[in-house]
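Here's the letter readout for the chains.
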Amino acid sequence: MSFKTNIPNLPSLSSCNNEPMPEKNKNLLNDTAIFESSVRLSINSNEILNTPKNKTSISVTKEVNSRASSYYEESESHIPISYFMSIWYKLINQDLKDDKLKAKEIIKQYTDNEITPSKYKIFLSAISLKWVLRCCWNLPSNDRSSMEKNEKNYQLEEEKILILALSFSQYSDENPIHWEILSSVYKCCNLNEKHNNRKGVPRYGKHWEDIGFQSLDPSTDFRGCGIFGLCQILFLVSSGLSESIKEDIIKLSQDKIHNFPFAIVGLNFTKIIIDRLYRGKLKKLAEKEKTYISVVNGIYRGTWIMFFRIWKSRKCQINDFPKILNELEKIVKTRPKYLLNMAIL
């Protein structure tokens, strides 16, 4: 783009035959140089702007609350610790449509594998026999109680699907609830600053390894059990244990000899429980307790208490973890009610 000015054409120096330049042209040339040096092009507006006498410094500011940045500034320090139930009510209202569909498909696969043809025939014959007896003896159907039972079963099934959907839902920096959970976990586990719970938490850094994550970015560890694994850790450290037992477990995890990765251990426990949930093995306990979330969290807490007792009494080291994990998995499979009730012993 060319910018027109009202400056007349000046004779070139070579065409003057070394003749002295008229005083008028000298003044005009000086005025031209001054004019040309006093304007600049604006890239953004394509306007001619007068150059200010004093240059201003350009400062670049970063968005302090950006979850894409590597650090959460102190402007977030006003966020207090969030406890499990407050987070749970928020997660219930999350849009997890795709994850719920995936959970339903896997539940169906497990169900199809569990019900063999012979069991299926027995199931059909039992229904037929009950229907025949009702028709012959004119037994009352109790439609109202049946409807109430179906409604309760539906609510339980929806809660189960929600838990499994969260096990698929991966951590997202764009979801503020996820950061709320993660930062609360760190604040609850950071015993050195437990009286300063409003301090800002860095999104990345070695401090995550201090509480048992494998890298500077803890979100990479949630692939096996999704955001629900993080929720269960929050349940444990925020309200699942007494303060003294929680401190004992965390201190043992940071012991120089008998240490273990606290967060990774908890995520492994969640994987075991999720598998039992898929197979429908916790249904009776859920029907008795009238909720799935209390059952899975209770078993999770009991598993942690059992792990702590074994690890401490046997003076285990990190190489012993696979063996201990297998032992606990067998207990979860065979004695889930025992683990559920362990919290009140």
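Residues numbered from 1 in each chain as written. Predicted model: local features only at pLDDT ≥ 70, side-chain atom pairs only at ≥ 80, totals over all residues. Heavy atoms only, no water.

Draft legend 1. Representation of the side chain of Asp221. As for its placement among the helices and strands, Asp221 is situated in the loop between α7 (207-210) and α8 (226-240). Despite being buried, Asp221 has no salt bridge partner; Arg223 is the closest side chain of opposite charge, sitting 7.1 Å away. Reaching out from Asp221, the side chain makes a polar contact with the side chain of Gln214 at a distance of 2.9 Å. (Helix = DSSP H or I, 4+ residues; strand = E, 2+ residues; numbered from the N terminus. Buried < 20%, exposed > 50% of the residue type's maximum accessible area, 1.4 Å probe, protein only. Lys, Arg positive; Asp, Glu negative; His and termini not counted. Salt bridge = Lys/Arg side-chain N within 4 Å of Asp/Glu carboxyl O. Polar contact = N/O pair within 3.5 Å; in protein donor to acceptor, adjacent residues only side chain to side chain.)

Draft legend 2. Seen up close, unusual backbone geometry. The backbone of Lys290 shows a phi angle near 65 degrees, a positive value even though the residue is not glycine. Relative to the elements of secondary structure, Lys290 occurs in the loop between α11 (283-289) and α12 (293-313). The phi dihedral of Lys315 falls on the positive side, at around 55 degrees, and the residue is not glycine. Position of Lys315 among the secondary structure elements: in the loop between α12 and α13 (321-334). In this structure Lys315 comes out as exposed when scored by relative accessible area, which is 60%.

Draft legend 3. Quick peek at the side chain of Thr303. Tracing the sequence through the fold places Thr303 in helix α12. Dropping the residues within four chain positions of it, Thr303 is found in contact with Phe269, Leu328, Val332 and Leu339. (Contact = heavy atoms within 4.5 Å.)

Draft legend 4. Local environment of the environment of Gly240. By secondary structure assignment, the location of Gly240 is in helix α8. In this structure Gly240 comes out as buried when scored by relative accessible area, which is 8%. Excluding anything up to four places from it in sequence, Gly240 contacts Phe235 and Arg301.

Draft legend 5. Just the nonpolar core, in detail. By size, the foremost hydrophobic cluster in this structure holds 83 residues, and its most contacted members are Phe262, Trp304 and Phe307. Excluding residues within four positions of it along the chain, Phe262 makes contact with Cys189, Ile211, Gly212, Ile233, Leu236, Val237, Ile249, Ile250, Ser253 and Trp304. (Core = buried A, V, L, I, M, F, W, Y, C linked by side-chain atoms within 4.5 Å.)

Draft legend 6. Spotlight on the confidence of the model for the protein chain. Per-residue pLDDT for the protein chain averages 77, and the proportion of residues at 70 or more is 63%. Here residues 2-19 is a poorly scored stretch, pLDDT under 50, and it has 13 contacts once near neighbours within four places are set aside; other chains count. Predicted confidence for residues 24-75 stays below pLDDT 50, and this span has 51 contacts to residues more than four positions away or in other chains. (pLDDT = per-residue confidence, 0-100.)

Draft legend 7. Molecular detail of the packing of α12 against α13. In contact at an axis separation of 11 Å, α12 and α13 are set at 140 degrees when each is read in the N-to-C sense. Classified by the interaxial angle, the pair formed by α12 and α13 is oblique. The handedness of the crossing between α12 and α13 comes out as right-handed. Contact residues: Ile299, Thr303, Met306, Phe307, Ile310 and Trp311 in α12; Phe321, Ile324, Glu327, Leu328, Ile331 and Val332 in α13. The class makeup of the residues in the contact of α12 with α13 is 10 nonpolar, 1 polar and 1 charged. (Axes fitted to C-alpha atoms, helices over the stretch in contact; angles between N-to-C directions. Parallel < 35°, antiparallel > 145°, perpendicular 65-115°, else oblique. Left-handed = near helix turned anticlockwise from the far one by under 90°. Nonpolar A, V, L, I, M, F, W, Y, C, P; charged D, E, K, R; others polar.)

Draft legend 8. Broad picture of the environment of Ile163. Summarising the element assignment, Ile163 is placed in helix α5 (residues 143-168). In this structure the C-alpha to C-alpha distance between Ile163 and Val296, which are 133 residues apart in sequence, comes to 9.3 Å. Not counting chain neighbours up to four residues away, the residues in contact with Ile163 comprise Trp88, Phe228, Ile274, Leu277, Tyr292, Ile293 and Val296.

Draft legend 9. Local environment of the packing of aromatic side chains. For the coordinates displayed, the defined rule picks out 17 aromatic pairs. Plain terms: the ring middles of Tyr186 and Trp208 are 5.4 Å apart, the flat faces sit at 65 degrees to each other, and that makes the pair edge-to-face. Residue Tyr186 is found in helix α6 (residues 176-189), and its partner Trp208 is found in helix α7; the two are separated by 22 residues along the sequence. For the pair formed by Tyr186 and Trp208, the shared burial category is buried. Measuring from centroid to centroid gives 5.1 Å for Phe307 and Trp311, while their planes differ by 35 degrees, and the two rings are tilted. Taken together, the positions of Phe307 and Trp311, both in helix α12 and 4 residues apart, correspond to about one turn of that helix. By relative accessible area, which is 0% here, Phe307 ends up buried. Taken together, Phe260, Phe262, Phe269, Trp304, Phe307, Trp311 and Phe321 form an aromatic cluster joined through their ring pairs. (Phe/Tyr/Trp six-rings, centres within 6.5 Å; stacked < 30°, edge-to-face > 60°.)

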